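# Structural description and commentary
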Amino acid sequence: MTAWTQQMTGRFLAFEGPDGSGKSTQLARFLVWARAQGLPVIEVREPGGTAVGERIRDVLLDPENTDLTVRSEMLLYMASRAQLVESIIEPALQAGSLVVADRFVASTCAYQGTAGGIAMHDILRVAEVATGGRWPDLSIIFDVDEQTAAGRLSPLLDRMEQKGAAFHRRVREGYHLLAEQRPHDMLLIDATVDEETVFERLLEALQQRLVG
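Thresholds applied
Residues numbered from 1 in each chain as written. Predicted model: local features only at pLDDT ≥ 70, side-chain atom pairs only at ≥ 80, totals over all residues. Heavy atoms only, no water. Helix = DSSP H or I, 4+ residues; strand = E, 2+ residues; numbered from the N terminus. Buried < 20%, exposed > 50% of the residue type's maximum accessible area, 1.4 Å probe, protein only. Contact = heavy atoms within 4.5 Å. Areas by Shrake-Rupley, 256 points an atom, 1.4 Å probe, with all protein chains shown as cover. Lys, Arg positive; Asp, Glu negative; His and termini not counted. Charge placed at Lys NZ, Arg CZ, Asp CG, Glu CD. Core = buried A, V, L, I, M, F, W, Y, C linked by side-chain atoms within 4.5 Å. Pairing = 2+ DSSP bridges. Axes fitted to C-alpha atoms, helices over the stretch in contact; angles between N-to-C directions. Salt bridge = Lys/Arg side-chain N within 4 Å of Asp/Glu carboxyl O. Left-handed = near helix turned anticlockwise from the far one by under 90°. Nonpolar A, V, L, I, M, F, W, Y, C, P; charged D, E, K, R; others polar.

## Quick word on the overall build of the chain
- A count of helical and extended segments in the chain gives nine helices and five strands.
- Dimensions of the chain, computed from the C-alpha atoms along their principal axes, are close to 50 × 35 × 30 Å.
- Considering the chain as a whole, with its 212 residues, one finds that 49% of them fall into the buried category.
- Pairs at least 24 apart in sequence give 80% of the contacts found in the chain among residues at least 6 apart.
- For the chain, the accessible area works out to roughly 9,600 Å², and carbon and sulfur atoms hold 50% of it.
- Both charge centroids of the chain, one from 21 positive and one from 30 negative side chains, sit 2 Å from each other.

What follows is the structure, encoded as structure tokens:
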């Protein structure tokens, strides 16, 4: 374990981005890399990550739930998140693990906020209660245009992925807005380039932002 990677113990990272951004690919690569460095890593996903959260995930991503309102959707995400923070994330951080989340509050701000129409301040107020004020040390946003993202998506789309190009354009705008408003804990990475280059940029940015 190198000096700078050692300093990632007890940190909380969230991997973010529009559907088709390559987020999942980069997350998988990062987990392999982090464990190879000897870091104690806890991986969680949203929605889900707990028995309760996985049941909520089934409701949220089921394409048949077309009548689910955006406000209900937001609250379900927060309920899953509350369970995850209290049951897994907080204990893991206290134990000194590096916690890596596949999405967190930034996703709700982009999807249900900017794209869905719920006021950002309302989402943040609910998030404060749901997480007990626990935000990631850094949210890494993998940024792609909607054409690139659409070309990467599986043809078997879940309920969120089926919302169309205009919706996903607003999602991207939401992420950009967050990066502008919270530069201290948001990191925007150009993910339109090849996978290896994106991963190199990720590691360079982590070294700069987390450990100086």
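## Describing the nonpolar core
- Counting residues in hydrophobic clusters, the biggest one holds 32 residues, and the most contacted among them are F12, I89, V99, F104, V171, Y175 and M186.
- Elements with a contribution of two residues or more to this core: β1 (12–16), α4 (70–94), β3 (98–102), α5 (105–114), α6 (120–131) and α8 (165–181).
- Per element, the largest residue contribution to this core is seven residues, and it comes from α4.
- Among all residues touching F12, those that are not within four sequence positions of it are I89, L93, V99, A101, F104, R134, W135, P136, D137 and L138.
- In terms of nonpolar packing, the next biggest core, distinct from the first, is built from 27 residues, W4, M8, L27 and L39 among them.

## Describing unusual backbone geometry
- Looking along the chain, the bond that leaves E46 and enters P47 is cis, with omega of -15°.
- With respect to the element layout, P47 can be found in the loop between β2 (41–45) and α3 (51–61).
- Positive phi, normally seen in glycine, also occurs at R103, with a value near 85°.
- Mapping R103 onto the fold places it in the loop between β3 and α5.

## Observations regarding the sheet that holds strand β4 (residues 138–143)
- As summarised here, the arrangement of the five strands in space is β2-β3-β1-β4-β5, forming an open sheet in which the pairing is parallel. Single-partner strands in this sheet number two, and they are β2 and β5 (186–190). Taking the axes of each pair of neighbouring strands and ignoring which way they run, one obtains an average angle of 20° across the sheet.
- In the sheet, β1 pairs with β3 via four bridges, with the strands oriented parallel. Along β3, the bridge assignment pairs F15 with D102.
- Strands β1, β4 and β5 of the sheet are contacted by α8, whose axis makes an angle of about 130° with β5.

## What about the pattern of salt bridges?
- Under the criterion given, the structure shown has twelve salt bridges.
- For E54, the salt bridge goes to R45, with nearest N and O atoms at 2.7 Å.
- According to the relative accessible area criterion, E54 is partly exposed, its value standing at 24%.
- When the shortest N-O distance is used, the salt bridge between D122 and R125 registers 2.9 Å. In this pair, D122 and R125 both sit in helix α6, three residues apart, roughly one turn of the helix.
- One continuous salt-bridge network, built from bridges that share partners, spans E16, D19 and R103.

## Structural notes on the packing of α5 against α6
- Running from N to C, α5 and α6 cross one another at 145°; their axes reach a closest spacing of 10 Å. Handedness of the crossing formed by α5 with α6: right-handed. When α5 is examined against α6, the residues V105, T108, C109, Q112, G113 and T114 are found in contact with a partner set consisting of M120, I123, L124, A127 and T131.
- Here the contact of α5 with α6 is built from residues that sort into six nonpolar, five polar and no charged.

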